[in-house]
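# Examination of the molecular architecture
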Amino acid sequence: MLRTRFCVANWKMNFNCTDTKSFLESWNNKELNNKEVKTIFCPSFTELNTGVEILQYSDSEIGAQNVFYESNGAYTGEVSCSMLKNIGCQWVIIGHSERRSIFSETNEMVRNKLDQLISERMNPIVCIGETKTQRENGKTQEILSQQLSIAFENQEDINLKNTIIAYEPVWAIGTGITATVEMVSDAHKSIRNIFNNNGFNGSNISILYGGSVTDGNATELSELTDVDGFLVGGASLDVDKFYAIYNQL
Ligand code: 13P
């Protein structure tokens, strides 16, 4: 199976409706000649609808930055899979390190979200990654393995083609410090091995790198065999920079 390559923008809590419109309208004027690469934009919940409408005739798609794992009910402030699906949003980021560290999201919660996404036939973007201390203590592999094996515990039948893993070392997010080519290569290889050791075919899964990706470092990272694209934060807020990253994939 040929793996799909992705260029995903995580806008985090930036961009209101006006910003979203102006970004995506100028994105629609760009020539997307890199046909092997799928682009996904993940705005805040309030901008999802606008994004879906603007991109309806484009090859780019819209994703959410989070979702809750129950179908409906008394969960003030939460958004369900079916609500997202209903407006045409098929992709959802789960387990982002900011959700884990600021909002106390656990591996078990990530698993519940993944279960819910799969049962609703939606496409997950599952974020994993080690902290600086974990890396310094030689725990990177162990942490990645723990995060993945808990999240994918019940998922023997998952369609890996529509599942993305984003390796985002916490210390590289928003810091301007990118992991070295060797670190990314090693981590992506070990993620594939973790899948192989858990009964999946690791070579079928698209693994993206995220963490201070810019138009200046995208080429060397995208040349790595096990890197199937990027999850971009800061640099995705500038349409020309994001387009330059897309073109380097
Ligand atoms: P930066 O690209 O700003 O480091 O953010 C990465 C990220 O968290 C994407 O999800």
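Quantities reported herein were computed from a predicted structural model and do not represent experimental measurements.

Moving on, we get to the site of the ligand. Taken together, Asn10, Lys12, His96, Glu168, Ala172, Ile173, Gly174, Gly211, Ser212, Leu231, Gly233 and Gly234 are the residues near the ligand. Serine 212 is positioned with one of its backbone polar atoms (N or O) 2.7 Å from an oxygen atom of the ligand. Bound to the protein, the ligand loses 95% of the 300 Å² it would expose on its own. In the shell around the ligand, the residues fall into 3 nonpolar, 7 polar and 2 charged.

Covered by surrounding structure in strand S8 (residues 229-232) are Gly229 and Leu231 together with Phe230 and Val232, the residues of both alternating faces. By the bridge criterion, 4 bridges tie strand S1 (residues 5-10) to S8 in an arrangement that is parallel. Bridge pairing links alanine 9 to valine 232 in S8.

Two quantities define a packed helix pair, namely the angle between the helix axes and the distance between the axes. One way to put it is that helix H7 (residues 140-151) packs onto helix H8 (residues 181-197) with a least axis distance of 10 Å and a crossing angle of 40°. Between H7 and H8, the crossing angle belongs to the class labelled oblique. Two packed elements cross with a definite hand, and for H7 against H8 that hand is right-handed. Residues Gln141, Leu144, Ser145 and Leu148 of H7 pack against Ala187, Ser190, Ile191, Ile194 and Phe195 of H8. Here the residues of the contact of H7 with H8 sort into 6 nonpolar, 3 polar and no charged.

The next subject is the state of the cysteines. One way to say it: the disulfide is the covalent bond shared by the sulfur atoms of two cysteines. Considering all chains together, one arrives at 0 disulfides under this definition. Between cysteine 7, a free cysteine, and cysteine 42, which holds the nearest cysteine sulfur, the sulfur-to-sulfur gap is 11 Å.

Tallying each qualifying case throughout the model produces 14 salt bridges. Here lysine 38 ties to glutamate 61 by a salt bridge, and the two come within 2.7 Å at their closest N and O atoms. Of this pair, lysine 38 sits in strand S2 (residues 37-42) while glutamate 61 sits in strand S3 (residues 61-64), and the two are 23 residues apart along the sequence. The class for lysine 38 is partly exposed, based on a relative accessible area of 25%. The residue glutamate 136 makes a salt bridge to lysine 132 at a minimum N-O spacing of 3.0 Å. Taken together, the positions of glutamate 136 and lysine 132, both in helix H6 (residues 132-136) and 4 residues apart, correspond to about one turn of that helix. Accessibility assignment for this pair places glutamate 136 and lysine 132 in one class, exposed. One network of salt bridges, in which partners are shared, links Arg3, Arg192, Asp226 and Asp228.

A few words on unusual backbone geometry. In this structure, phenylalanine 15 takes a positive phi of about 70° despite not being glycine. Along the chain, phenylalanine 15 turns up in the loop between S1 and helix H1 (17-28). Phenylalanine 15 sits in the buried class, given a relative accessible area of 18%. Despite not being glycine, serine 212 has its phi angle at roughly 55°, a positive value. Within the secondary structure, serine 212 sits in the loop between strand S7 (206-210) and helix H9 (218-222).

Calculation notes
Residues numbered from 1 in each chain as written. Predicted model: local features only at pLDDT ≥ 70, side-chain atom pairs only at ≥ 80, totals over all residues. Heavy atoms only, no water. Near = heavy atom within 4 Å. Polar contact = N/O pair within 3.5 Å; in protein donor to acceptor, adjacent residues only side chain to side chain. Areas by Shrake-Rupley, 256 points an atom, 1.4 Å probe, with all protein chains shown as cover. Nonpolar A, V, L, I, M, F, W, Y, C, P; charged D, E, K, R; others polar. Buried < 20%, exposed > 50% of the residue type's maximum accessible area, 1.4 Å probe, protein only. Helix = DSSP H or I, 4+ residues; strand = E, 2+ residues; numbered from the N terminus. Pairing = 2+ DSSP bridges. Axes fitted to C-alpha atoms, helices over the stretch in contact; angles between N-to-C directions. Parallel < 35°, antiparallel > 145°, perpendicular 65-115°, else oblique. Left-handed = near helix turned anticlockwise from the far one by under 90°. Contact = heavy atoms within 4.5 Å. Disulfide = S-S within 2.5 Å. Salt bridge = Lys/Arg side-chain N within 4 Å of Asp/Glu carboxyl O.

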